[in-house]
Amino acid sequence: MFSAKGRYIFMGLFVLAIVVCLYYRQYQLASIGVLFLGFIVWAHYKHSSVLLASKYFKNQEYEYTAYYLNEVPNPNLLAASRRGYYEFMLANIALKEEDFNKAEYHFQIASRFPLGGKNDKAFVLIHLANIALRNKDAERARAYIEKAKELAVSNRAQDIIKIIEKEVNQLT
């Protein structure tokens, strides 16, 4: 759980260690250094700072969350287990900023990746239904609600679904 800056420092230290090992003809140690350097580079692209951002997201420190999410070099290269959380956090930050188009975009992407469980996926769909309701698109809101009903496990999620259903019925 390092920031990009921390990983870059480690990469530099391993490159330095590899050069020193090669200078002293310690090829086995240099190869181990290359292995560790490769692991850090792999982790930088596959996991990045998503875990660190989630720590701040959990504490509702959205400014830090956005900072660490912006460190992700290429979201398309993130591991599937990280990409869903990445998009979910970006969508929630967009909701806080009341940028509903951006939030819908990121929730759409988050819905395609695995999250914690069925209930988490249900909340993504609830958010999408809520945004569709805000845009007065009753058909899409119903579709999201029907899918969310299948996934909702907690009482809280089921209660929210009932409220949104009533609002959709009032819309039509």
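One can find the structure itself at the top, above this paragraph.
Heads up: these notes are all about the structure in this document. (Residues numbered from 1 in each chain as written. Predicted model: local features only at pLDDT ≥ 70, side-chain atom pairs only at ≥ 80, totals over all residues. Heavy atoms only, no water.)

Quick word on the overall build of the protein
Then, in step 1: Counting secondary structure elements, the protein contains nine helices and zero strands.
Then, in step 2: Along its sequence from the N terminus, the protein presents helices and strands in the succession α-α-α-α-α-α-α-α-α.
Then, in step 3: Scaling as 2.2 N^0.38, a compact globule of 172 residues should have a C-alpha radius of gyration of about 16 Å, whereas the protein reaches 21 Å, well beyond that.
Then, in step 4: Structurally, the protein occupies a C-alpha span of about 75 × 30 × 25 Å along its principal axes.
Then, in step 5: By the burial criterion, 40% of the 172 residues in the protein qualify as buried.
Then, in step 6: Taking all contacts inside the protein whose residues are at least 6 apart in sequence as the whole, residues at least 24 apart take part in 59%. (Helix = DSSP H or I, 4+ residues; strand = E, 2+ residues; numbered from the N terminus. Rg over C-alpha atoms; globule rule 2.2 N^0.38 Å. Buried < 20%, exposed > 50% of the residue type's maximum accessible area, 1.4 Å probe, protein only. Contact = heavy atoms within 4.5 Å.)

A short note on the layout of surface pockets
Then, in step 1: In this structure, the largest pocket encloses a volume near 480 Å³.
Then, in step 2: For the largest pocket, the lining is made up of 18 residues, of which Phe88, Asn92, Phe123, His127 and Arg156 are closest to its centre.
Then, in step 3: Elements supplying a minimum of two residues to the lining of the largest pocket: α3 (50-58), α5 (80-96), α7 (118-134) and α9 (155-171).
Then, in step 4: With seven residues, α7 is the single largest residue contributor to the lining of the largest pocket.
Then, in step 5: Per-class residue counts for the lining of the largest pocket are 11 nonpolar, four polar and three charged.
Then, in step 6: By volume, the second largest pocket amounts to about 240 Å³.
Then, in step 7: Contributing to the lining of the second largest pocket are Met1, Phe2, Arg7, Phe10, Phe39, Ile40, Ala43, His47, Ser48, Leu51 and Arg82. (1 Å grid on protein atoms, 1.4 Å probe; cavity = no way out; pocket = protein on both sides within 12 Å on 5 of 7 lines; lining within 4 Å. Points joined across faces, edges and corners; volume = space filled by probe spheres on them. Nonpolar A, V, L, I, M, F, W, Y, C, P; charged D, E, K, R; others polar.)

Side note on the environment of Ala66
Then, in step 1: With respect to the element layout, Ala66 can be found in helix α4 (residues 62-69).
Then, in step 2: Placed 10 residues apart in sequence, Ala66 and Asn76 show a C-alpha to C-alpha distance of 17 Å.

A closer look at the packing of helix α6 (residues 100-110) against α7
Then, in step 1: α7 packs onto α6 with a crossing angle of 150° between their chain directions and a minimal axis gap of 10 Å. The crossing of α6 and α7 is left-handed. For the pair formed by α6 and α7, the contact residues are Phe100, Ala103, Glu104, Phe107, Gln108 and Ala110 on the first element and Lys121, Val124, His127, Leu128, Ile131 and Arg134 on the second.
Then, in step 2: Residues that form the contact of α6 with α7 fall into these classes: seven nonpolar, two polar and three charged. (Axes fitted to C-alpha atoms, helices over the stretch in contact; angles between N-to-C directions. Left-handed = near helix turned anticlockwise from the far one by under 90°.)

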